[in-house]
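# Structural description and commentary
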Amino acid sequence: MNNLRKNKYNFFWIFGFFITIFSCTKTEQTVIDLKSPSENIGIEFFLKSDGSPNYLVKFNNQLIIDTSAFKFEFEGQSAFNKGLRIAKVSKKSVSETWEMPWGEQRVVANNYNEVVIKLKERQAPKRSLSIYFRVYDDGIGLRYEFHEQESVDSLVITDEKTTFKLLGNHTCWWTPADWDCYEHLYRTSKFSDIDVLSLKNEHTLAQSHIPFNAVHTPFTMRTESGVHLSFHEAALVDYASMTLEIDAKNLAMNSKLVSSERFGYAAKVKLPFKTPWRSIQIVEKAKDLIASNLILNLNEPSKVKDVSWFKPMKYVGIWWEMHVGKSSWAYKSKVHGANTKNAKKYIDFAAKHNIGGLLVEGWNTGWEDWTSDGREGIFDFVTPYPDYNLEEVVKYGRQKGVEIIMHNETASAVTTYEKQLDTAFKLMNKLQIHSVKTGYVGKIIPKGEYHHSQWMVNHHMRVVQAGLKYQVAINAHEPIKPTGLRRTYPNIISREGLRGQEFNAWAADGGNPPEHLPIVAFTRMLAGPIDFTPGVFKFKISEKNSINTTLAQQLALYVVIYSPIQMACDLPENYEGNPAFQFISDVGVDWEQTKVLDGEVGDYVCIARQERNTLNWFLGAITDENSRPINIKFDFLDESKEYEATIYKDAENAHWKNNPTGLVIEKMLLKKGDEKSFVLATGGGLAISLKIKK
Ligand code: NOJ
Ligand code: CA
């Protein structure tokens with residue numbers, strides 16, 4: 001009996017041994033792992049027994065992304081997701097710094113470890129693909145490279161399914177993945193409660209298409225133990241934009257590409273091809289999400305030798321007066337805003353207050369003919385209305401040190417715009433206009449394309465290239481989301497891509513709630529600069545609409561929301577004589593360094609930035625609908641200097657709804673090591689300028 005049992009054991013043991021050997025040779029149990037420079041973040045990659053590729057991510061030695069697979073589907077080829085072997089592995093480490101020509105800081109540290117894993121199908125057609133992992137101390141990036149295939153020069157990708165499997169039902173801040181629009185309010189919910197399809201009819205703009213239970217990126221979340229994650233993509237070039245489809249049951253997300261209905265696929269790519277990076281910022285504290293440079297670092301270095309023709313600046317505009325209904329874009333209207341006299345008035349105001357630019361909307365023919373189905377061939381990007389002398393305005397501005405910002409609203413008749421692209425940019429070059437605000441309101445023409453489909457991603461690149469040819473920097477509205485490409489093409493200066501200030505002027509829901517920007521700072525702002533257009537001083541717009549912040553918060557936004565072009569959006573008459581305007585006059589737009597002092601997603605945020613060249617500091621703090629105390633340690637200041645501080649703080653009875661203009665301005669001397677406490681009002685803020693005492 002004993003012997004029999006023994007033999008039985010031996011048999012199972014030997015059988016098991018052979019199974020292990022067999023499966024080892026057949027399926028490769030090799031685990032490839034890689035850690036970040038300080039070893040706080042790590043990835044592991046392995047093939048399962050069916051030869052399917054899987055990865056996981058650890059943070060402080062704990063799983064943060066559970067075993068997750070990926071899969072590609074193609075037109076005319078079988079899917080790529082199993083029967084693979086590891087053909088080659090190569091690793092490298094990079095530790096370097098690079099300089100931003102303009103930005104949140106001058107010097108950026110870029111330290112990471114990289115592994116490239118070449119996967120090959122065991123069976124015919126024996127295709128191969130490489131997966132790249134880069135592991136940083138503040139997150140990871142992964143991307144795919146499709147290699148050349150015999151007698152195939154391009155691939156038609158119908159679906160990419162990169163999975164991100166979470167380890168808990170995290171708290172999430174999200175907007176619906178509308179293929180035509182980013183201008184939705186953020187929602188806060190547990191991951192499993194995300195229900196995008198219930199918002200299918202939330203048409204905040206003329207164009208909207210919400211086909212899946214998916215969210216836009218950057219998609220930020222917080223785990224039960226307080227770790228912050230944000231999912232996004234970097235270097236979105238010649239590919240469809242990625243949204244994240246929610247698999248609530250499995251607490252997982254899958255990449256979902258925006259497709260073209262015109263072509264019936266997501267992306268057509270020429271081989272060899274590298275996809276954008278799929279990125280995950282992983283940090284302990286919310287404030288470190290803002291401090292992270294992961295998205296920029298995943299992009300390639302600048303391909304542009306010299307962009308010194310573009311200078312970061314503040315600007316005013318013949319703009320807010322249209323949004324609040326004082327004038328109109330169209331010539332054949334009661335009051336046409338863009339006339340020579342009005343432009344000169346704004347230029348005089350800008351020159352007087354240290355503001356470098358003037359945006360003029362409604363200057364060119366076509367606005368009265370713009371209807372939802374009449375858009376093609378309507379806008380002309382070189383012909384001014386009769387009451388607007390473009391050359392005279394440009395010349396007047398130049399005499400006063402104010403540069404005109406061109407405006408090209410395409411009404412999403414993108415083919416019309418492409419036909420005129422060269423002519424439009426040539427005109428800017430001739431007039432030495434070095435920046436343009438573009439706009440894409442409405443459904444995309446050609447039909448079947450979406451704002452975030454591959455064709456539009458490529459359109460935006462064509463505009464950037466035209467800009468490089470003619471020395472023009474681009475600020476796109478209704479854009480494709482930023483993915484850090486400003487590192488490679490620094491003439492990408494700013495973008496909209498969120499519910500901007502203009503919603504406060506006319507949105508049917510009354511405008512952005514006080515929590516909007518304390519969420520935006522940890523979500524949309526992680527992608528790149530925002531043309532939010534702060535600085536409203538007249539809070540009540542109409543019966544229905546008002547600005548849902550205090551005046552101190554409007555000032556703080558110049559520091560909190562980063563953009564190398566910052567608008568002072570209100571009308572000159574609403575600014576004149578108000579001492580608070582001094583802050584807008586003084587505040588920098590280009591930074592030597594940035595310190596994110598504190599913050600929680602959706603609650604509050606406090607940032608200090610040091611201006612390039614002057615080395616003066618500016619500080620901004622904003623809160624949601626909750627009033628809160630805030631303690632500031634001025635230990636970021638230079639040891640050897642004294643600073644003349646001007647403090648713009650909420651008055652004791654300030655309140656975003658009842659008393660938005662309640663503001664107290666105080667002056668004092670401050671030095672490193674000083675500490676001061678303030679109270680942010682409900683919907684309130686705090687702005688401080690700290691000038692080095694001479
Ligand atoms: C939408 C832009 O966001 C807004 O700023 C602009 O005024 C209108 N389009 C008109 O071009
Ligand atoms: Ca807009």
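The residue numbers shown here count from 1 along each chain, following its written sequence. Here every chain gets a letter starting at A, and every ligand a number starting at 1, in the order they are written. Reporting in this predicted model follows two pLDDT cut-offs: at least 70 for local features of residues, and 80 or more for side-chain atom pairs to be given and counted; totals over whole chains, interfaces and linings ignore these cut-offs and use all residues. Side-chain numbers come from the whole structure's heavy atoms, not from hydrogens or water.

### So, the overall build of the protein chain
Think of it this way: any DSSP run of H or I at least four residues long counts as a helix, any run of E at least two long counts as a strand, and we number them from the N terminus. Scanning the protein chain for helices and strands turns up 13 helices and 34 strands. Taking 26 Å as the expected radius of gyration for a compact globule of 694 residues, we find that the protein chain reaches 27 Å, a close match to that expectation. Each principal axis of the C-alpha atoms in the protein chain carries an extent, and together these give about 105 × 60 × 45 Å. For the exposure calls, accessible area comes from a 1.4 Å probe over protein chains only, and a residue counts as buried if that area is under 20% of its type's maximum, exposed if over 50%, partly exposed in between. Counting every position in the protein chain, which comprises 694 residues, the buried fraction comes to 61%. For the radius of gyration, the atom set is restricted to C-alpha positions; the globular benchmark scales as 2.2 Å times the number of residues to the power 0.38.

### Describing unusual backbone geometry
Excluding glycine, residues mostly have negative phi values, and the peptide bonds linking residues are mostly trans. A cis amide bond links Thr217 to the next residue, Pro218, at an omega of -5°. With an omega of -10°, the peptide bond running from Leu271 to Pro272 counts as cis. In this structure, Pro272 sits in the loop between strand 17 (267–270) and strand 18 (273–274). Phi is positive for Thr533, which is not a glycine, with a value near 65°. Mapping Thr533 onto the fold places it in the loop between helix 10 (516–520) and helix 11 (551–560). You can call Thr533 buried: its relative accessible area is 2%.

### Observations regarding the domain arrangement of the protein chain
Interface size, as often reported, equals the accessible area lost upon joining of the parts. Taken domain by domain, the protein chain consists of domain 1 (2–297) and domain 2 (311–497). The domain limits used here are those given by an automatic or database domain assignment. Relative placement of domain 1 and domain 2: their C-alpha centres are 37 Å apart. Summed over both partners, the accessible area (1.4 Å probe) lost when two parts come together is defined as the buried area. Regarding the contact of domain 1 and domain 2, the summed buried area is about 3,000 Å², with carbon and sulfur atoms giving 54% of it. Summed over the three residues of domain 1 that lose the most area to domain 2, namely Trp102, Tyr182 and Arg262, the buried surface amounts to 26% of that side. A pair is scored as a salt bridge if a Lys or Arg side-chain nitrogen falls within 4 Å of a carboxyl oxygen belonging to Asp or Glu. Counting the contacts that link domain 1 with domain 2 gives four salt bridges. Each residue receives one of three labels: charged for Asp, Glu, Lys and Arg, nonpolar for Ala, Val, Leu, Ile, Met, Phe, Trp, Tyr, Cys and Pro, and polar for the others, Gly being one of them. The residue inventory of the side of domain 1 that touches domain 2, partitioned by class, reads 24 nonpolar, eleven polar and ten charged.

### Comments concerning the environment of Pro37
For Pro37, the location among the structural elements is in the loop between strand 1 (32–35) and strand 2 (41–47). C-alpha separation for the pair Pro37 and Val135, spaced 98 residues apart in sequence, amounts to 7.9 Å. Two residues form a contact once any of their heavy atoms are found within 4.5 Å. Discounting residues that sit within four places of it in the chain, Pro37 has contacts with Asn111, Tyr112, Asn113, Val135, Tyr136 and Asp137.

### Some points on helix 7 (residues 414–430)
The span one expects for a helix is its residue count, reduced by one, times 1.5 Å. The end-to-end C-alpha distance of helix 7, which contains 17 residues, comes to 23 Å, matching closely the 24 Å that a straight helix rising 1.5 Å per residue would cover. Residue Gln420 marks the point of greatest curvature in helix 7, where the axis turns by about 55°. Among all positions in helix 7, only Val414, Thr416, Tyr417, Gln420, Leu421, Ala424, Phe425, Leu427 and Met428 are buried. Buried residues belonging to helix 7 abut helix 6 (390–400), strand 22 (403–409), strand 23 (435–439), helix 8 (454–470) and strand 24 (473–476). Once helix 7 finishes, Gln432 follows within two positions and takes phi at roughly 55°, a positive value. The reported bend at a residue is simply the angle between two axes, fitted to the 7 residues ending at it and to the 7 residues beginning with it.

### Notes on the sheet that holds strand 23
The strands making up a sheet associate through hydrogen bonds between their backbones, and the pairing can be parallel or antiparallel. With parallel pairing, the seven strands of this open sheet are ordered in space as 25-24-23-22-21-20-26. The open sheet terminates on both sides in strands that have one partner only, identified here as strand 25 (492–495) and strand 26 (565–567). Taken pair by pair, the neighbouring strands of this sheet meet at an average axis angle of 30°, ignoring direction. For two strands to be treated as a pair, DSSP must find at least two bridges joining them. Summarising the sheet, strand 24 and strand 25 pair through three bridges and their orientation is parallel. Its bridge partner being in strand 25, Ile474 is matched across the sheet by Ile492. Helix 7 contacts strand 22, strand 23 and strand 24 of the sheet and is inclined by roughly 170° relative to strand 22. The convention used is that axes are lines fitted to C-alpha atoms, helices contributing only their stretch in contact, and that angles between N-to-C directions extend from 0 to 180 degrees.

### Some details on the coordination of the calcium ion (ligand 2)
At 2.3 to 3.1 Å from the calcium ion (ligand 2) lie its protein donor atoms, namely Glu183 (OE), Glu478 (OE), Glu496 (OE), Glu496 (OE) and Glu502 (OE). Each metal site is built from N, O and S donor atoms within 2.8 Å (3.2 Å for Na, K and Ca), and since water is not included, such sites may look incomplete. Irregular is the label for any site that misses the other tests, which are tetrahedral for four donors with all angles between 85 and 135 degrees, and square planar for four donors or octahedral for six when opposite donors exceed 155 degrees and the remaining angles lie between 65 and 115. One way to put it: the six donor atoms around the calcium ion (ligand 2) meet at angles of 51 to 149°, and that makes the site irregular. Donor residues for the calcium ion (ligand 2) sit on one chain with the sequence pattern E-x294-E-x17-E-x5-E. Remark: Glu496 occurs in the loop between strand 25 and helix 9 (502–506) and Glu478 occurs in the loop between strand 24 and strand 25; sequence separation between them is 18 residues. Note on accessibility: Glu478 and Glu496 belong to one class, buried.

### Points about the site of ligand 1
The criterion for a residue being near a molecule or strand is simple. One of its heavy atoms has to lie within 4 Å of it. By nearness alone, 13 residues border ligand 1, and His323, Glu361, Glu409, Lys437 and His477 come closest of all. Within the side chain of Glu409, a nitrogen or oxygen atom sits 2.6 Å from an oxygen atom of ligand 1. Pairs of N or O atoms within 3.5 Å make up the polar contacts considered here, provided that, within protein, one atom can donate a hydrogen while the other can accept it, and that residues adjacent in sequence are counted only when both atoms are side-chain atoms. At 2.7 Å, a side-chain N or O of His477 approaches an oxygen atom of ligand 1. Residues belonging to the shell around ligand 1 are distributed by class as follows: four nonpolar, three polar and six charged.

### Examining the packing of helix 7 against helix 8
Running from amino to carboxyl end, helix 7 crosses helix 8 at an angle of 15°, the nearest separation of the two axes being 9 Å. The angle between the axes of helix 7 and helix 8 places the two elements in the roughly parallel class. The hand of the helix 7/helix 8 crossing is right-handed. Counting all contacts with helix 7, which are made through Val414, Thr415, Tyr417, Glu418, Leu421, Asp422, Phe425, Lys426 and Asn429, the residues of helix 8 involved are Trp455, Met456, His459, Arg462, Val463, Ala466, Gly467, Lys469 and Tyr470. Each angle is binned into one of four classes, with values under 35 degrees roughly parallel, values over 145 roughly antiparallel, values of 65 to 115 roughly perpendicular, and all other values oblique. Left-handed describes a crossing in which the near helix is turned anticlockwise from the far one by less than a right angle; the clockwise case is right-handed.

### A word on the environment of Gln501
Mapped onto the elements, Gln501 comes out in the loop between strand 25 and helix 9. Assessed through its relative accessible area of 1%, Gln501 is described here as buried. Measuring from C-alpha to C-alpha, the distance between Gln501 and Pro301 comes to 32 Å, with 200 residues separating the pair along the chain.

### So, the pattern of salt bridges
Throughout the structure, instances matching the rule amount to 32 salt bridges. Across the pair Arg628 and Asp624 runs a salt bridge whose closest N-O atoms are separated by 2.9 Å. Overall, Asp624 belongs to the buried group, its relative accessible area being 2%.

### Details of helix 5 (residues 340–352)
With 13 residues, helix 5 should reach 18 Å at 1.5 Å per residue; the first-to-last C-alpha distance of 18 Å fits that figure. Every buried residue belonging to helix 5 is among Thr340, Asn342, Ala343, Tyr346, Ile347, Phe349 and Ala350, and all of these are buried. Once helix 5 ends, the next one or two residues include Asn354, with phi positive near 65°.

### Thoughts on the nonpolar core
Judged by nonpolar contacts, the single largest core of 89 residues is most densely connected at Leu358, Phe425 and Phe583. What Phe583 contacts, discounting residues up to four positions off in sequence, is Leu555, Tyr558, Val559, Phe618, Tyr648, Ala687, Ile688 and Ser689. By size, the runner-up hydrophobic cluster in this structure holds 63 residues, among which are Phe146, Ile210, Tyr239 and Ile280. Among buried residues, the Ala, Val, Leu, Ile, Met, Phe, Trp, Tyr and Cys ones that are joined through side-chain atoms within 4.5 Å form a nonpolar core.

### Looking at the side chain of Asp570
Summarising the element assignment, Asp570 is placed in the loop between strand 26 and helix 12 (572–575). Under the counting rule used here, the positive set is Lys and Arg, the negative set is Asp and Glu, and His together with the chain ends is not counted. Within the buried core, Asp570 has no salt-bridge partner, and the shortest N-O distance to an opposite charge, that of Lys538, equals 7.6 Å. Filtering out sequence-adjacent residues up to four positions away, Asp570 remains in contact with Trp320, Gly535, Val536, Phe537, Lys538 and Tyr575.

### Considerations on the sheet that holds strand 29 (residues 617–623)
A sheet is described by the order of its strands in space; here six strands give the open sequence 27-28-29-34-31-32, paired in antiparallel fashion. Strands with a single pairing partner mark the edges of an open sheet, and in this sheet they are strand 27 (591–600) and strand 32 (663–670). Geometrically, the sheet is characterised by an average inter-axis angle of 15° between neighbouring strands, direction not taken into account. Pairing of strand 31 (residues 643–650) with strand 32 involves eight bridges; the strand directions are antiparallel. Residue pairing in the sheet places Tyr648 in a bridge with Ile665 of strand 32.

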